[in-house]
Amino acid sequence: MERKIRIGVCVMEKKVFSAPMVQIMERLDAFGEFEIVIFGDKVILEYPVESWPICDCLIAFYSTGYPLEKAEAYAALRKPFLVNELKQQHLLHDRRKVYERLKKFGVPVPRYALVNREVPNQKLDYFIEEEDFVEVHGSRFWKPFVEKPVDGDNHSIMIYYPSSAGGGMKELFRKVGNRSSEFRPEVRRVRREGSYIYEEFLPTGGTDVKVYTVGPEYAHAEARKSPVVDGVVMRNPDGKEVRYPVLLTPTEKQIAREVCIAFSQSVCGFDLLRCEGRSYVCDVNGWSFVKNSHKYYDDAACVLRKMFLEAKAPHISSTIPPILPWKIHEPVQPSEGLTRAGSGIIDTFGQSEELRCVIAVIRHGDRTPKQKVKLKVTEEKLLNLMLKYNGGRPRSETKLKSAVQLQDLLDATRALVPRNRPGRGSDSEAEDMEHAEKLRQVKAVLEEGGHFSGIYRKVQLKPLKWVKVARINGEGEEEWPVEALMVLKYGGVLTHAGRKQAEELGRYFRNHMYPGEGTGLLRLHSTYRHDLKIYSSDEGRVQMSAAAFAKGLLDLEGQLTPILVSLVSKDSSMLDGLENASIEMEEAKARLNEIITSGAKTGHSNGSSEFPWMADGVGLPSSAYELLPRLVELTKKVTEQVKLLAKDEDEKLMDTSGDDVNPSYDQAKALGKTNIDVDRIAAGLPCGSEGFLLMFARWRKLERDLYNERKERFDITQIPDVYDSCKYDLLHNAHLNLEGLDELFKVAQLLADGVIPNEYGINPKQKLKIGSKIARRLLGKILIDLRNTREEAISVAELKNNQDQDSKSNSSEWDYKDYHLKHHGKNEDGRRSSTTSDKSIDQEDDDDKETKYRLDPKYANVKTPDRHVRTRLYFTSESHIHSMMNVLRYCNLDESLEGEESLLSSSALQRLYRTKELDYMSYIVLRMFENIEVDLDDPNRFRIEMTFSRGADRSPLEKSRCETPSLHQEHILPIMGPERLRETRSGLTLEKMEKMLCPFAMPPEDFPPPTIPHGFTGYFSNKSANVLERLVNLWRSPKHANGSGK
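Residues numbered from 1 in each chain as written. Predicted model: local features only at pLDDT ≥ 70, side-chain atom pairs only at ≥ 80, totals over all residues. Heavy atoms only, no water.

1. Details of the packing of aromatic side chains
What counts, and what does not: Note on aromatic contacts: the rings of Phe and Tyr and the six-membered ring of Trp form a pair at centre separations within 6.5 Å, being stacked when their planes are under 30 degrees apart, edge-to-face when over 60 apart, and tilted otherwise. Under the scheme used here, helices are H or I runs from DSSP no shorter than 4 residues and strands are E runs no shorter than 2 residues, and both carry numbers assigned from the N terminus. Throughout this description, buried means an accessible area under 20% of the type-specific maximum (1.4 Å probe, protein chains only), exposed means over 50%, and partly exposed covers the range between. Charge-over-ring placement is defined geometrically: NZ (Lys) or CZ (Arg) within 6 Å of the ring centre, and within 35 degrees of the ring normal.
Following the criterion strictly, the structure yields 25 aromatic pairs and no others. A centroid spacing of 6.4 Å and a plane angle of 50° characterise the contact between Tyr218 and Tyr296, whose relative ring orientation is tilted. Of this pair, Tyr218 sits in the loop between strand E14 (207–214) and strand E15 (219–225) while Tyr296 sits in helix H7 (residues 294–312), and the two are 78 residues apart along the sequence. Tyr218 sits in the buried class, given a relative accessible area of 0%. Put simply, the rings of Phe61, Tyr218, Trp287, Phe289, Tyr296 and Tyr297 touch in pairs and so form one group of aromatic residues. Across from the ring centre of Phe127, 5.5 Å away, lies the NZ or CZ of Arg117, which sits over that ring.

What follows is the structure, encoded as structure tokens:
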């Protein structure tokens, strides 16, 4: 037999004897063609290179303490075949050089800029840092952005978050125990002690991808939970990090080939970010092997054998033997301990079904009452502040939201608030007194909780009057504002109770909405078999509810800010605003006012005993008008009590020096406390950060707005606000023992239960009209979600059928060809651009590409690798929940659907008629199931199940025997369980659902074309651009879609 090929392993012993290296060397040795020579640490570190063993092929790579230059000298002397070139390994220690090399080879990287310092804290004229961005050489990076040391061996990477999301920084680092990152809410300024790369933060949906090449024609990829989200390393029972093999798209395979060639590293690991349907390389690690994958060890050994034979013995065939030599000794791969029960469910018809899609529209959690202060200001300090932030334009309004802007306003307000209150005198003095009181309220709001956050507070300054003044340079005149309207909106903050409600509901969804899954949902998500997207309106309480829900759903830990930025997309056009139906809602309120103030009896005009919900003003108490005076009387009684509490607090404040140092602020506190503030309650203070002054301002405004004594007129639009404040104080401030609050709540609830639903339409036809206008875009998006899921399921089913047929005719022992990049053949995706900025051309295909991300069934220890579930979560406010529910209830009343029965069952219609409120965390869920035993073109293949929950629809005066005692102590109302909107036996098909909702939904072609905003394209972007996802009939056919399968 010929002399064996000598393979030298010139690597530090710690790496040589690692499990993957041992597994692969054993397989190479089993071929019988190689002699493996391990150099050892003593030889590498102490012996001259002339004394090192002579070999034909060399495995050599850098690790801590490794003499790379010495290895280079040995390679120059002996000239072995190098698996990984040594000179290029120097590049991997400098992130600047890594990115330069990647760009040179056309590999996409995140948008980035370099800040080079020769000495620590060196001032650079090209580097600017502001509150929410850094600017490098004129290139601006809005928060969130990433800061990386240029030293590739320094793994302290920072992510800085915007003040609008609460601010703070998350540090990523090498795994320490079960942690790989830490969130630091107090850190807001970037580092200055060294040189750094600043790059755009790319949201990846909470999952990172590691790619491992073995030569330019082989690439293996694994997904893991991203450290960006919560920093907790997910481990299996053996203590190893849980990762899941995933398939690479053709474009990603080409990227892997280019990375391998660019750095001349055959065995190479790198990090891939999948964002918005595109992939970017953010780090290259050099020599890396996959852990705990026997299939990978087989493949790697076969590929390395081929390399060695072609380099040193081309006359020997590198064909893989029919049976691999070590196969009979291969140990059974251990289970990861995250097994999932069967995913199929048997319904009442006995048909096997698979869950394909979960769509939920969810209202935010418990919040503080929303507030607004309006006052006209003429003070020069405030007018100058307006000009400072509106670019000096005297007729332009300005909005103040950032911490710096609000601090400026607070400083000005502190200087303007009078130290002492004047006694009441003339009318003008009364006006001055009221003005001073409002300034005090503004000051109290800005000081509330000792923090600022643009996610919860905003101020508008609108100029009202101007005068002509001489220009400073004496050349002519210019306008100057002399009066402006200040509007301060505050409150509506997610409470500690709201956060817990959202988190608990997320856990409930994880355990109950995915049949047979339980904790397996986490595995489904990590393996790319769970396509999850979370959308939120622009309101802070809604965003934070979405983040808290995601935390519970995916079993995450830590602060909400990183979760919000990584997983939640804002879409205000779809989930915010009532402008589209403002005229109809005003008409409904006018008619509602007419019904109440006229004392008319409701419930008989248009309805019937069989369909009582068809009447005008259904739900209003018959004695509504008689209840209004009592409502006003009780509101005054409560206000007077709070006034006395506020007076005591104000007197204490007056004793405090006005020259005290301004309190520091912390935006992170604004993100909803985790626990109740026991110390404040024990001290007899209001719950949360609201003081008695603001509590009094809240009640006083309600008292004034509810009834105009001069005009003797009730304002029924204030009824929901009175009810809101009553419920809040009963739940969170019961310890203040406000007399009459219980009775006020009962009266307000009776009226609000009738007023709130009727504000969205006084009868079913008007409810349908208003609902369709408010929820039109959301309904359109939901139909696109369902249609795309159907098309994807059909594509997967057809692909699986084809694969089953292929497998019968073609079975082989080794699947290396499946992972051949075939660079000599046709490139399915074509050459990609070498720049990273060309994002917008085919943005509408982003979600097509996204659905190609798949689990790799060859490597995965997963029972059902073909299972794929789409989840779309839409977090919004009360208006959209009512609107969507009204469309579902009454869509059959439209002329175009005449003769069609309701989407909802008669029992569900009766139940909704009796439902008084869709409270905090109320939700509507649509689940689509696929009956895999029915033909692909049969409408019955896809069934829709509809459920809803009334949310935390419990009176704070109630106490249930089964309720956990701690819930009441922690000010938390439980969330009601789901109720069916249609019986399972009725068999609501997707086809029927489309027919009934299409008249009220925005058609796909009306969604706006995609736009790429300047700056960050994730958290701040309007994701409605991506609603084009697959634009219904533009789904790729299976013959084109299966390119991602290999």
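2. Quick word on the side chain of Thr947
Inclusion rule: We call two residues in contact when some of their heavy atoms are within 4.5 Å.
Inspection of the secondary structure puts Thr947 in strand E32 (residues 942–949). On the basis of relative accessible area, Thr947 is assigned to the buried category, the value being 8%. Among all residues touching Thr947, those that are not within four sequence positions of it are Tyr923, Ile924, Val925, Pro978, Glu979, Arg980 and Leu981.

3. Thoughts on the confidence of the model for the protein chain
Rule in force here: Scored from 0 to 100, pLDDT records how confident the predictor is in each individual residue.
The pLDDT averaged across the protein chain works out to 81; a share of 79% of its residues lies at or above 70. Overall, residues 657–672 carries pLDDT values under 50, and its contacts beyond four positions in sequence, including any with other chains, amount to 42 contacts. Here residues 811–852 is modelled with pLDDT under 50, and outside its nearest four sequence neighbours on either side it reaches 93 contacts, counting other chains as well.

4. Overview of the packing of helix H19 (residues 692–706) against helix H20 (residues 719–732)
Test applied: In this analysis, axes come from line fits to C-alpha atoms, helices being fitted only over the stretch in contact, and the angle between any two N-to-C directions falls in the range 0 to 180 degrees. Angle categories: roughly parallel below 35 degrees, roughly antiparallel above 145, roughly perpendicular from 65 to 115, and oblique for all the rest. For any helix crossing, the convention is left-handed if the near helix is rotated counterclockwise from the far helix by under a right angle, and right-handed if that rotation is clockwise.
Two elements in contact, H19 and H20, have axes whose closest approach is 10 Å; the angle formed by their N-to-C orientations is 150°. In terms of orientation, H19 and H20 fall into the roughly antiparallel class. Note that H19 runs across H20; the crossing there is left-handed. The segment H19 lies against H20, with Met695, Arg698, Trp699, Leu702 and Leu706 engaging Asp721, Val722, Ser725, Cys726, Tyr728 and Asp729.

5. Observations concerning the pairing of strand E7 (residues 133–136)
Quick note on the threshold: Pairing between strands is defined by DSSP: at least two bridges between the two strands are required.
The side-chain alternation of E7 yields two buried faces, one formed by Phe133 and Glu135 and the other by Val134 and Val136. Where strand E6 (residues 127–129) lies against E7, 3 bridges are found, and the strand directions are antiparallel. Pairing of Phe127 across the sheet is with Val136, part of E7. As consecutive antiparallel partners, E6 and E7 are separated by 3 residues. With 4 bridges joining them, E7 and strand E8 (residues 139–142) adopt antiparallel strand pairing. Across the sheet, residue Phe133 finds its bridge partner in E8, namely Trp142. Connecting E7 to the antiparallel partner E8 that follows it, the hairpin turn spans 2 residues, and His137 within it adopts a positive phi of roughly 50°.

6. With respect to the sheet that holds strand E11 (residues 169–176)
Spatially, E5-E13-E9-E10-E11-E12 is the arrangement adopted by the 6 strands of the open sheet, whose pairing is antiparallel. Here the strands that pair on one side only, and so sit at the sheet edges, are strand E5 (112–115) and strand E12 (179–184). Recorded for the sheet is a direction-independent mean angle of 20° between the axes of neighbouring strands. The pairing of E11 with E12 spans 5 bridges and is antiparallel. The residue of E12 that forms the bridge with Lys170 is Phe183.

7. Concerning helix H24 (residues 878–890)
Think of an α-helix as turning once every 3.6 residues; residues three or four places apart then point the same way. Where we set the bar: For a helix, the expected span equals 1.5 Å multiplied by the number of residues minus one.
Here H24 contains 13 residues, and its C-alpha end-to-end distance of 18 Å stays within 8% of the 18 Å for a straight helix at 1.5 Å per residue. Counted residue by residue, H24 has 13 buried out of 13 residues, so it is predominantly covered.

8. Concerning unusual backbone geometry
In this structure, the amide linkage connecting Lys143 to the following residue, Pro144, adopts the cis form with an omega of 5°. Summarising the element assignment, Pro144 is placed in the loop between E8 and strand E9 (145–149). Although it is not a glycine, Asn292 adopts a positive phi angle of roughly 60°. Residue placement: Asn292 occurs in the loop between strand E18 (278–286) and H7. Of note in the backbone geometry, Glu712 takes a positive phi value of approximately 50° without being a glycine.

9. Comments concerning a positive patch on the surface
So the rule is basically this: Patches here are clusters of residues that have more than 30% relative accessible area and form no salt bridge, with a 9 Å joining cutoff for like charges and a 5 Å cutoff for nonpolar side chains (Val, Leu, Ile, Met, Phe, Trp, Tyr). Computed with a 1.4 Å probe, the accessible areas rest on the Shrake-Rupley method; for each residue, only the protein chains presented here act as cover. Think of a salt bridge as a Lys or Arg side-chain nitrogen and an Asp or Glu carboxyl oxygen that are within 4 Å of each other. Counted as positive: Lys and Arg. Counted as negative: Asp and Glu, with His and the chain ends omitted from the count. Throughout, a charge is located at the NZ atom of Lys, the CZ atom of Arg, the CG atom of Asp or the CD atom of Glu.
A cluster of basic residues, Lys372, Lys374, Lys399, Lys401, Lys458 and Lys489, forms a positive patch at the surface. Structurally, the position occupied by Lys458 is in strand E23 (residues 458–470).

10. Re the nonpolar core
Cut-off, in case you're wondering: As used here, the term nonpolar core means buried Ala, Val, Leu, Ile, Met, Phe, Trp, Tyr and Cys residues forming a set that is joined through side-chain atoms within 4.5 Å.
Ranked by internal contacts, the top residues of the largest apolar core, which has 46 residues, are Leu888, Leu903 and Met946. Counting only elements with at least two residues in this core, the list comes to strand E20 (352–363), helix H15 (572–575), helix H22 (764–809), H24, helix H25 (906–914), strand E31 (923–931), E32 and helix H27 (990–997). Considering each element in turn, this core owes the most residues, 9 residues, to H22. Counting residues in each nonpolar core, the second largest holds 45 residues, with Tyr161, Met513, Met544 and Val565 among its members.

11. Topic: the packing of helix H8 (residues 380–389) against helix H9 (residues 403–416)
Packing of H8 against H9 leaves a shortest axis separation of 10 Å and a crossing angle of 165°. Taken together, the axes of H8 and H9 lie roughly antiparallel to each other. As H8 runs across H9, the sense of the crossing is right-handed. Contact residues: H8 offers Lys381, Leu382, Leu385, Lys388 and Tyr389, while H9 offers Val404, Gln405, Asp408, Leu409, Ala412, Ala415 and Leu416.

12. A few points about the sheet that holds E23
Taken in spatial order, the 4 strands make up an open sheet running E21-E24-E23-E22, and their pairing is antiparallel. Both edges of this open sheet fall to strand E21 (370–377) and strand E22 (398–400), since each of them pairs with a single strand only. With direction set aside, neighbouring strand axes in the sheet form an average angle of 25°. Here E23 runs beside strand E24 (residues 477–491); their pairing, made up of 12 bridges, is antiparallel. Note on E24: the bridge partner recorded for Ala470 is Glu477. With respect to the sheet, H8 is in contact with E21, E22, E23 and E24, its orientation differing from that of E24 by roughly 90°.

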